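These are the residues of each chain, in order.
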Amino acid sequence: MDTRTNSPSTDTTERLRMYIGGAWVDGTSGQSLDSLNPYTQKVWATVPDASEADVASAVAAAREAFDNGPWRQTTPQQRAALMRKLGDLIARDAERMARIESMDNGKLLREMLGQWKYLPEWMYYFAGQATQSQGEVLPSDRPNFMAFTRKEPIGVVAAITPWNSPCLLMMFKLAPGLAAGCTFVVKPSEHTPVSTLRFAELVEEAGFPPGVFNVVTGGADAGRWLVSSPDIDKISFTGSDGVGKAIARAGAENFTRVSLELGGKSPQVVFEDCDIEAAVNGVISGVYAATGQTCMAGSRLIVHGSIHDEVVKRLVARVSTIKLGDPLDMASEMGPAATGQQFQKILSMVKSAEAEGATLAYGGRQAPQGGFFVQPTVLTQVHNQMNIARDEVFGPVLAVIPFDTEEEAVKIANDTRYGLAAGVWTQNVQRAHRVAGQLRAGSVWINAYRVTAPFAPFGGFGHSGIGRENGHEGMNEFLETKTVWVELSGNLRDPFKLG
Ligand code: NAD
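Visitor: Summarise the nonpolar core; cite the residues concerned and give the values.
Guide: Formed by 67 residues in total, the largest nonpolar core has its most connected members in W116, F184, F199, F208 and F213. Per-element accounting of this core gives the leading share, 11 residues, to helix 6 (residues 166-180). Shared between two domains, this core holds at least three residues of each, these being domain 1 (4-262 + 460-482) and domain 2 (267-446). Setting aside anything within four residues of it in sequence, one finds F208 in contact with W71, L82, M83, L86, L178 and V203. Judged by nonpolar contacts, the second largest core, of 32 residues, contains F343, A353, A422 and L439.

Visitor: Kindly report on the sheet that holds strand 15 (residues 377-380), identifying the contributing residues and their values.
Guide: The mixed open sheet is built from seven strands, whose spatial order is 14-15-16-13-12-17-18. The open sheet is flanked by strand 14 (359-362) and strand 18 (443-446), the only strands paired with a single partner. Each strand of the sheet is rotated relative to its neighbour by a mean of 25°, with strand direction disregarded. Pairing analysis gives three bridges linking strand 14 to strand 15, with the strands arranged antiparallel.

Visitor: Help me get a handle on the state of the cysteines, residues and values and all.
Guide: Evaluation of the coordinates by the stated rule reveals zero disulfides. Here C182 stays unpaired: no disulfide links it, and the sulfur of C167, its closest cysteine neighbor, is 19 Å away. With a relative accessible area of 0%, C182 lands in the buried category.

Visitor: Run through the packing of helix 2 (residues 76-92) against helix 6, naming residues and quoting values.
Guide: Helix 6 packs onto helix 2 with a crossing angle of 150° between their chain directions and a minimal axis gap of 9 Å. In terms of orientation, helix 2 and helix 6 fall into the roughly antiparallel class. Contacts from R79, M83 and I90 in helix 2 reach M171, A175, L178, A179 and A180 in helix 6. Residue composition of the contact of helix 2 with helix 6, grouped by class: seven nonpolar, no polar and one charged.

Visitor: How would you explain the site of the ligand if you had to name every residue and give the values?
Guide: Neighbouring the ligand are 28 residues, the closest being T161, E190, S240, L262 and E392. Take G239: an N or O atom from its main chain is 3.3 Å from an oxygen atom of the ligand. For the ligand, the cavity whose grid points lie within 2 Å of the majority of its atoms is the largest pocket. Within the residue set of the shell around the ligand, elements represented by two or more residues are helix 8 (220-227), strand 10 (234-238) and helix 9 (241-253). When the residues that make up the shell around the ligand are grouped by side-chain class, the tally is 14 nonpolar, nine polar and five charged. Structurally, the shell around the ligand is a two-domain feature, drawing no fewer than three residues from each of domain 1 (4-262 + 460-482) and domain 2 (267-446).

Visitor: Talk me through the environment of V156; I want residue IDs and the actual numbers.
Guide: Following the sequence through the fold, V156 ends up in strand 7 (residues 156-160). Separated by 27 residues in sequence, V156 and T183 have C-alpha atoms that sit 5.0 Å apart.

Visitor: Outline the packing of aromatic side chains, listing residues and values.
Guide: Working definition: an aromatic ring pair is given by the centre-to-centre distance plus the angle between the planes. Under the criterion given, the structure shown has 14 aromatic pairs. Considering the side-chain rings of W163 and F394, the 5.2 Å spacing of their centres and the 80° angle between planes classify their relative orientation as edge-to-face. Of this pair, W163 sits in the loop between strand 7 and helix 6 while F394 sits in the loop between helix 13 (387-390) and strand 16 (397-403), and the two are 231 residues apart along the sequence. Both residues of the pair, W163 and F394, belong to the buried class. Clustering of aromatic rings is evident, with ring pairs tying together Y118, W122, F172 and F458. Between the NZ or CZ atom of K234 and the centre of the ring of F478, over which it lies, the distance is 5.4 Å.

Visitor: Before we move on, could you go through the pairing of strand 16 and cite the residues and values that matter?
Guide: When you tally the buried positions in strand 16, you get six out of seven residues, the bulk of the element. For strand 13 (residues 300-304) and strand 16, the ladder comprises five bridges, and the chain directions are parallel. Paired with H304 across the bridge in strand 16 is F403. Across three bridges, the pairing between strand 15 and strand 16 is parallel. Looking at strand 16, one finds that V378 is bridged to L398.

Cut-offs applied
- Residues numbered from 1 in each chain as written.
- Predicted model: local features only at pLDDT ≥ 70, side-chain atom pairs only at ≥ 80, totals over all residues.
- Heavy atoms only, no water.
- Core = buried A, V, L, I, M, F, W, Y, C linked by side-chain atoms within 4.5 Å.
- Buried < 20%, exposed > 50% of the residue type's maximum accessible area, 1.4 Å probe, protein only.
- Helix = DSSP H or I, 4+ residues; strand = E, 2+ residues; numbered from the N terminus.
- Domains from an automatic or database assignment.
- Contact = heavy atoms within 4.5 Å.
- Pairing = 2+ DSSP bridges.
- Axes fitted to C-alpha atoms, helices over the stretch in contact; angles between N-to-C directions.
- Disulfide = S-S within 2.5 Å.
- Parallel < 35°, antiparallel > 145°, perpendicular 65-115°, else oblique.
- Nonpolar A, V, L, I, M, F, W, Y, C, P; charged D, E, K, R; others polar.
- Near = heavy atom within 4 Å.
- Polar contact = N/O pair within 3.5 Å; in protein donor to acceptor, adjacent residues only side chain to side chain.
- 1 Å grid on protein atoms, 1.4 Å probe; cavity = no way out; pocket = protein on both sides within 12 Å on 5 of 7 lines; lining within 4 Å.
- Sits in = over half its atoms within 2 Å of the grid points.
- Phe/Tyr/Trp six-rings, centres within 6.5 Å; stacked < 30°, edge-to-face > 60°.
- Lys NZ or Arg CZ within 6 Å of the ring centre and 35° of its normal.

Put into structure tokens, the structure is as follows:
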């Protein structure tokens, strides 16, 4: 078997291999997983279904690279140079990679293009961080001691990602982790494994040493084997809160560090003094972009009673014109749900909401395009105790909840087990800051929504997760702090008079 290349395709279905220890390998089980294009509903790629032995070998490769490989000896400047090179390769291949992800998860090409063209910035920003990460000299109260801290890489990282934005969400982990000097085993979602394997080709081309970046493909079993390995130092997971709990438990077994980026039921709080047109556009972008399949979807619209009808009227008018279609068509505004299971879940949650008393102001059914297409949906007459206001749909479904006072709006917004994101729409600068300060969410946008960047910490309160990605705080997630004490007198003669 030639392990120097990812395997060439023999027909229209792409057949890919895993990337372990710098080699392209088939799985030892001989089993494979199909990746379905959600738009055509046809299998367009197959990947190995990793066995426990494959996962162990990827962990061993990452362990070896961390403990004994050249990576450990690299200077921050050398790591930064490799990362900048990888950033350039991502920029070069952004269009190709965007297309791959669009075929894998059904998200709009135009949206994936925007994402991929911005993705190099993660490598560039954290390349800078690599050379700026520093410990400190501590203010010692012992005249004969100096104490300082060192920032050291946490070690081998297991990165597990979901299907909605596989490489963007991997990048939140990989860029700071590489900058810190960690090595990685990445397991993408079984629904969208292709882009991460293609990404590995870029890592190889950039010249990262073997074992620094490994990819295993598989489903929940592969994930379980990975997170229960005692040779993993850190688990960085993005996905559902249910799996997040299982991962936190698995991490506890070996005291593996765990960070979790989970779901949300994020509020968009729209006050009567807002720019209504901007707010309506922001709400639409917040919940219908990516067919609502984003963790930060602004799925609860908390709107002042005096403008409720006007906002709903304008929303429905615009939502009814959303152009559903082929994700690869740049004119499409919304694609299909990513999987059949997701499609069913969205429709059944809308039905339950109606049974609970919500009114369908628009959508709620399979779209005329058929397949996994769901109509963008607006539900009114929702109160915050209904399941539709409490549980994540991960689909294009907006629940509209009216309020009377600012205090009530904040109370409703915070009455959730989640706390990932929130939007505030008002032209009153005092109110904007006051409310942003009171909202229990990891990211708050004022008169905007869905903006993320490598320099801005991202993560959740409550059930939305543990830890932060991006920014200095994101870098710290991949570092251990070591305190070093240095005895300065050179005259340590009495064993009972130390320090
Ligand atoms: P999921 O939790 O079903 O799967 C995520 C990953 O975990 C997949 O790779 C899956 O194979 C793996 N996995 C499943 N069971 C496992 C186990 N027991 N042990 C280890 N790994 C396991 O999530 P999904 O359906 O792929 O993605 C949707 C979810 O992700 C939503 O809840 C969404 O809110 C969340 N999400 C969060 C963020 C964020 O940054 N906060 C971003 C995107 C998506």
